[in-house]
Amino acid sequence: MDNTCDWRPDVRVEIFHGRGDKDVDFGHAAYCADQLRRNGAAHRLTDVGDHDHNESVRQALPRIVRFFDESAKTG
């Protein structure tokens, strides 16, 4: 719990987390999303499922690529 997300980016932010991740608590992602919301940032917190830390990354990676592809198209 820090100030990493305590700012307002000029672009939409997508935060991915797996509810089964025991290495990084979901509270960190929720805290980050809350900081962004309080600063008026466009963001979305996406749960990739009940997966451990490594599988959460594998689940999130294709979504991250899609997010950047869509962002590049809307420019």
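Whatever comes next refers back to the structure up there.
Residues numbered from 1 in each chain as written. Predicted model: local features only at pLDDT ≥ 70, side-chain atom pairs only at ≥ 80, totals over all residues. Heavy atoms only, no water.

Caption draft 1: Quick peek at the overall build of the chain. A tally of helices and strands in the chain yields two helices and two strands. Walking the chain from its N terminus toward its C terminus, one meets helices and strands in the order β-α-β-α. Its C-alpha atoms give the chain principal-axis dimensions of roughly 30 × 30 × 15 Å. Counting the 75 residues in the chain, one finds 27% classified as buried. In the chain, once contacts between residues fewer than 6 apart in sequence are set aside, the share between residues at least 24 apart is 73%. Surface exposure of the chain reaches about 5,200 Å², of which carbon and sulfur atoms provide 50%. Positive and negative charge centroids in the chain, built from 11 and 14 side chains respectively, lie 6 Å apart. (Helix = DSSP H or I, 4+ residues; strand = E, 2+ residues; numbered from the N terminus. Buried < 20%, exposed > 50% of the residue type's maximum accessible area, 1.4 Å probe, protein only. Contact = heavy atoms within 4.5 Å. Areas by Shrake-Rupley, 256 points an atom, 1.4 Å probe, with all protein chains shown as cover. Lys, Arg positive; Asp, Glu negative; His and termini not counted. Charge placed at Lys NZ, Arg CZ, Asp CG, Glu CD.)

Caption draft 2: Up close: the environment of Cys-5. Mapped onto the elements of the fold, Cys-5 is located in the segment before strand S1 (13-18). Distance in space between the C-alpha atoms of Cys-5 and Arg-37 is 9.6 Å, their sequence separation being 32 residues. Sequence-distant contacts of Cys-5, defined by excluding residues within four places in its chain, comprise Cys-32, Gln-35, Leu-36 and Asn-39.

Caption draft 3: Geometry of the nonpolar core. Ranked by size, the top nonpolar core spans seven residues in total: Cys-5, Ile-15, Ala-29, Cys-32, Ala-33, Leu-36 and Ala-41. Considering each element in turn, this core owes the most residues, four residues, to helix H1 (residues 26-38). Excluding residues that lie within four positions of it along the chain, Ala-29 makes contacts with Ile-15, His-17 and Leu-45. (Core = buried A, V, L, I, M, F, W, Y, C linked by side-chain atoms within 4.5 Å.)

Caption draft 4: Local environment of the packing of aromatic side chains. Under the definition given, this model contains one aromatic pair. Where Phe-67 meets Phe-68, the ring centres are 5.5 Å apart and the plane angle is 70°; that geometry is what we call edge-to-face. Looking at Phe-67, the relative accessible area reads 10%, which means it is buried. A residue is classified by how much of its surface remains accessible, and Phe-68, at 55% relative accessible area, is exposed. (Phe/Tyr/Trp six-rings, centres within 6.5 Å; stacked < 30°, edge-to-face > 60°.)

Caption draft 5: Seen up close, the environment of Thr-74. As for its position among the elements, Thr-74 is in helix H2 (residues 53-74). For Thr-74, the side chain forms a polar contact with the main-chain oxygen of Ser-71, separated by 3.3 Å. (Polar contact = N/O pair within 3.5 Å; in protein donor to acceptor, adjacent residues only side chain to side chain.)

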